[in-house]
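A closer look at the structure
These are the residues of each chain, in order.
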Amino acid sequence: MENQHKRRVRYSGTHPKNYKEKYKEHNPEKYADTIEKVIRKGSTPAGMHISIMVQEILDFLQIQPGQTGLDATLGYGGHTKEMLKCLQGQGHIYGLDVDPIESAKTKERLAKQGFGEEILTVRLQNFADIDQVSRDVGKKFDFILADLGVSSMQIDNPDRGFSYKIEGPLDLRMNPEKGISAAERLKMVSREELQGMLVENADEPYAEEITNTILKWRKRGKPITTTTQLKEAIEETLHFLPEKERKEAVKKSCQRTFQALRIDINSEFEVLYTFLEKLPEVLAPNGRVAILTFHSGEDRLVKKSLKEYQREGLYREISRDVIRPSAEECARNGRAKSTKMRWAIRA
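I will try to describe carefully the structure that is included in this document. Since the model is a prediction, treat every value here as computed from it, not as a measurement.

Rules of the game
- Sequence order sets the numbering: in each chain, residues are counted from 1 along the sequence as written.
- Totals for whole chains, interfaces and linings use all residues, but because this is a predicted model, local features are given only for residues with pLDDT of at least 70 and pairs of side-chain atoms are given and counted only at 80 or more.
- The side-chain figures draw on all heavy atoms in the structure; neither hydrogens nor water molecules are used.
- Only buried Ala, Val, Leu, Ile, Met, Phe, Trp, Tyr and Cys residues count toward a nonpolar core, and they belong to the same one when joined by side-chain atoms within 4.5 Å.
- The classification of residues rests on relative accessible area computed with a 1.4 Å probe and restricted to protein chains. Under 20% of the type maximum is buried, over 50% is exposed, and intermediate values are partly exposed.
- Helix numbers and strand numbers start at the N terminus; a helix is a DSSP run of H or I with at least 4 residues, a strand a run of E with at least 2.
- What makes two residues a contact is simply this: any of their non-hydrogen atoms within 4.5 Å.
- Residues enter patches when their relative accessible area tops 30% and they take part in no salt bridge; the joining distance is 9 Å for like charges and 5 Å for the nonpolar side chains Val, Leu, Ile, Met, Phe, Trp and Tyr.
- Computed by Shrake-Rupley with a 1.4 Å probe, the accessible areas treat only the displayed protein chains as cover when residues are assessed.
- What makes a salt bridge here is a side-chain nitrogen of Lys or Arg within 4 Å of a carboxyl oxygen of Asp or Glu, nothing more.
- Note on charges: Lys and Arg go in the positive column, Asp and Glu in the negative column, and His and the chain ends are not counted at all.
- Lysine's charge is taken at NZ, arginine's at CZ, aspartate's at CG and glutamate's at CD.

1. Examining the nonpolar core
Counting 31 residues, the largest nonpolar core has Leu170, Leu172, Leu186, Ile224, Leu230 and Leu261 as the members making the most contacts within it. When residues of this core are traced back to their parent elements, those giving at least two are helix H7 (182–188), helix H8 (191–202), helix H9 (207–219), helix H10 (227–237) and helix H11 (243–265). Ranked by residue count, the leading element in this core is H11, at 7 residues. When sequence neighbours within four positions are dropped, the list of residues in contact with Leu261 reads Leu170, Leu172, Ala182, Leu186, Met197 and Leu230. In terms of nonpolar packing, the next biggest core, distinct from the first, is built from 28 residues, Val282, Ile291, Val302 and Ile318 among them.

Shown next, in the form of structure tokens:
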């Protein structure tokens, strides 16, 4: 019997069924019209990331040709690309990322667009190590950007386990080659740790109840290993709520629980604290830093650090209030809604 030729699964472009079927969205250069349609609907194309508050960042950083900059969280490279344009071929940007999968793709993508190693260096490194990067480079930075959000490429890829909306392994690691997954963490976490994690990392109002359900499942020999299992555990927990309130409450608790786990297994608060502590020493005199945060825990840490170092005379000026994306940007990119930007200028 002859082997039948297997055709690639295709879709019409309006209702793709899953991440792997969205072949058009994974090829922005080839299918620009499809990409634009997806963005116009307020969605993010699969495998892509829409950079947030680009103009506000550029307006503040005031990048000049010949300067040396750092993108502490490279991601898809959208911000990096716009900052590179400002250098006009003179100067250099260093881009850091702990994700070996996405940083390799970004390096290749930017090189194809004309930003090769003569102007951009990509390092597989945590941004808590900015002092080491500065020493290796042999200079301080004129401008730094830290976008603390999770990239859409990570959220949308079911293999990474970042979203409760898609079935996948409950992983949540920024670098899947290091540390333990969220599923492994849930197999060993204590009641006090889990409840504390949900409260401290995400202000979860049903922390105690969700903790009880997860531990009950574990005791019955049903450990939570997938994204949908965790969602089901939260649905089971909140079943006592009136039906008209339940759907929204489950959605919010899922978002908070996934956030709390992600922060825990990637040590995000510890990493951010270290970054903020080292930041003044790697900024050149009058150097500028812009930081984008996406939840209250991050924003509190950033606000406190900038204020403290301004009092000590390390920052000449800091943002008095947060800067938020415009209503137009939020309509075009729903993932921008929770963004806050703070900035500082080195003394």
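2. Here we look at a positive patch on the surface
Residues Lys165, Lys247, Lys251 and Lys337 make up a contiguous surface patch of positive charge. Lys165 gets classed as exposed once you look at its relative accessible area, which sits at 64%.

3. Some points on the environment of Ser253
The topology assignment puts Ser253 in helix H11. Taking the C-alpha atoms as reference, Ser253 lies 9.2 Å from Glu235; in sequence the two are 18 residues apart.

4. Regarding the pattern of salt bridges
Counted under the stated rule, the structure contains 18 salt bridges. A salt bridge links Arg135 to Asp131; the shortest N-O distance between them is 3.8 Å. Pair noted here: Arg135 and Asp131 are both in helix H5 (residues 130–137), with a separation of 4 residues, about one helical turn. Taking the relative accessible area as the measure of exposure, Arg135 reaches 58% and is therefore exposed. Judged by its relative accessible area of 14%, Asp131 falls in the buried class. Salt-bridge contacts for Asp299 lead to Arg342; the nearest nitrogen and oxygen are separated by 2.7 Å. In this pair, Asp299 sits in helix H13 (residues 296–311) while Arg342 sits in strand E7 (residues 340–346), placing the two residues 43 residues apart along the sequence. In terms of burial, Asp299 and Arg342 fall into one category: buried.

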